[in-house]
Amino acid sequence: MIPGVPGESQVYLNGEFLRVDEAKVSVLDRGFIFGDGIYEVVPVYQGNAFRMAEHLNRLDRSLAALRIAQPFDRAAWIDLIQQLLARSNLDTCIVYLQVTRGVAKRDHQFPSTPVAPTVFGMVSPWSPPPAAQRTQGLTAISIPDERWLHCEIKSVSLLGNVLAKQQAVDANADEVVQFRDGCLTEGSSTNIWVVSGGKLLAPPKNNLILEGIRYGLLGELAAEAGIPFEARPISQQEVEEADELMLSSATKEVLAIVSLDGKPVGSGKPGPVFEQLRAGYDARIAAL
C-alpha cells in the first residue's frame with residue numbers, strides 16, 4: 001500500500017497498463033540507480049490537456065540533451081496520454097510521463113550496447129489553485145541556488161529541488177526564490193516573475209533555469225495585455241524592491257507572491273499586472 005495512492009489506479013509501464021500496486025521496475029534501472037532520466041507533467045482541464053504540444057516539445061529536448069533514445073513518435077505520445085486519461089475517469093488531473101535510459105549493468109558511462117528506455121506514465125488527481133491562493137497570494141523565502149548547472153533539462157534528478165522545497169516547508173513558506181551569483185534563477189519547482197515599473201521581467205532562458213511551459217505562455221499573455229516584457233538577468237536587489245512577484249508552473253498556474261522573507265512585496269496583495277495575466281490565463285483555459 002502507498003499512502004494516498006489507490007492501489008487500483010492504472011499506470012503505463014513499458015507497453016502495459018497495470019494497477020499501480022502491480023507495476024515494478026528493475027533495481028538496475030538507470031533512473032533508480034543514477035537518476036538517469038527525464039519527465040514531464042501535463043495539466044488537464046475537463047479532459048483537455050493544456051499546452052500539450054509545448055510539453056511534448058520539451059520532453060523531446062530533454063531526451064535529446066541526455067542522449068536517450070526517443071521511444072515514441074508524437075502521435076504515439078498523444079495516444080498514450082489519451083489512453084491514460086480514458087482509464088483514469090478523471091476530468092481535471094495531471095498526466096506524469098517519465099523516460100529513463102533503461103536497465104543495464106551499474107556503470108557510470110552509458111551502456112555500450114544500447115538498451116530499451118523505460119517508459120512510465122500515470123494520471124493523478126489534481127485541483128487548480130484554490131480561490132484563497134489567487135486572492136491572497138503566497139509567501140516565499142530567499143535562498144542560494146545550490147543545484148547543478150543543467151537546470152534546463154527536466155531531469156528526474158531532483159534532489160536539489162527537494163532540499164530547496166523543504167527549506168520553504170521548514171520556514172512555513174509556500175516557495176523559495178533562489179539566487180545564483182546575486183541573480184534570480186527560479187523557485188524549487190516554479191518559474192519566478194518580477195514586476196517593476198509596470199514591466200514584466202523574467203530571468204533569461206539558459207542552463208540556470210528550467211523553461212516552464214508557462215514561461216512562453218505568460219510572455220504571450222503579457223503581449224496581449226500590452227504589458228512590456230523583458231527577459232534578462234535580475235539582481236537580488238531588484239527582486240527585493242519589486243512592485244510585484246509571481247510564480248508559475250503546471251500545477252500552480254500563475255500566482256502572486258505577496259511576502260518575501262517576511263516582508264511585503266509591493267502593497268502586500270496581488271497586484272494589477274498579476275490580475276491581468278491571471279485573467280488571460282483563465283481565458284486560455286476556458287477556450288479549451
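Cut-offs used in this document
- Residues numbered from 1 in each chain as written.
- Predicted model: local features only at pLDDT ≥ 70, side-chain atom pairs only at ≥ 80, totals over all residues.
- Heavy atoms only, no water.
- Helix = DSSP H or I, 4+ residues; strand = E, 2+ residues; numbered from the N terminus.
- Rg over C-alpha atoms; globule rule 2.2 N^0.38 Å.
- Buried < 20%, exposed > 50% of the residue type's maximum accessible area, 1.4 Å probe, protein only.
- Contact = heavy atoms within 4.5 Å.
- Areas by Shrake-Rupley, 256 points an atom, 1.4 Å probe, with all protein chains shown as cover.
- Salt bridge = Lys/Arg side-chain N within 4 Å of Asp/Glu carboxyl O.

Caption draft 1: The arrangement of the overall build of the protein in detail. Each helix and strand counted, the protein has 8 helices and 15 strands in total. For 288 residues, the compact-globule formula gives about 19 Å, and the C-alpha radius of gyration of the protein, at 20 Å, lands near that figure. Principal-axis analysis of the C-alpha atoms places the extent of the protein at approximately 55 × 40 × 35 Å. Burial status across the protein gives 46% buried among its 288 residues. In the protein, 69% of the contacts between residues at least 6 apart in sequence involve partners at least 24 apart. Summed over its atoms, the accessible surface of the protein is roughly 13,800 Å², and 54% of this surface lies on carbon and sulfur atoms.

Caption draft 2: The arrangement of the environment of isoleucine 285 in detail. The residue isoleucine 285 is located in helix α8 (residues 272-286) in this model. Relative accessible area serves as the criterion here: at 17%, isoleucine 285 is assigned to the buried category. Separated by 241 residues in sequence, isoleucine 285 and valine 44 place their C-alpha atoms 9.6 Å apart. Other than its neighbours up to four places away in sequence, isoleucine 285 contacts Tyr45, Phe50, Glu253 and Arg278.

Caption draft 3: Expanded view of the pattern of salt bridges. One pass over the full model with this rule turns up 19 salt bridges. Across the pair aspartate 145 and arginine 180 runs a salt bridge, and its minimum N-O distance is 3.3 Å. Of this pair, aspartate 145 sits in the loop between β7 (138-144) and α5 (159-170) while arginine 180 sits in strand β8 (residues 175-180); the two residues are 35 residues apart in sequence, bridging distant segments of the chain. One exposure class covers both aspartate 145 and arginine 180, and it is buried. Across the salt bridge formed by glutamate 230 and lysine 199, the nearest N and O atoms sit 3.2 Å from each other. Here the residue glutamate 230 occupies a position in strand β12 (residues 229-231), and lysine 199 occupies one in strand β11 (residues 199-202), the gap between them amounting to 31 residues. Note on glutamate 230: relative accessible area 27%, which makes it partly exposed. Given the relative accessible area of 32%, lysine 199 is considered partly exposed. Salt bridges sharing partners connect three or more residues here, namely Arg51, Glu54, Glu220, Glu224 and Arg284.

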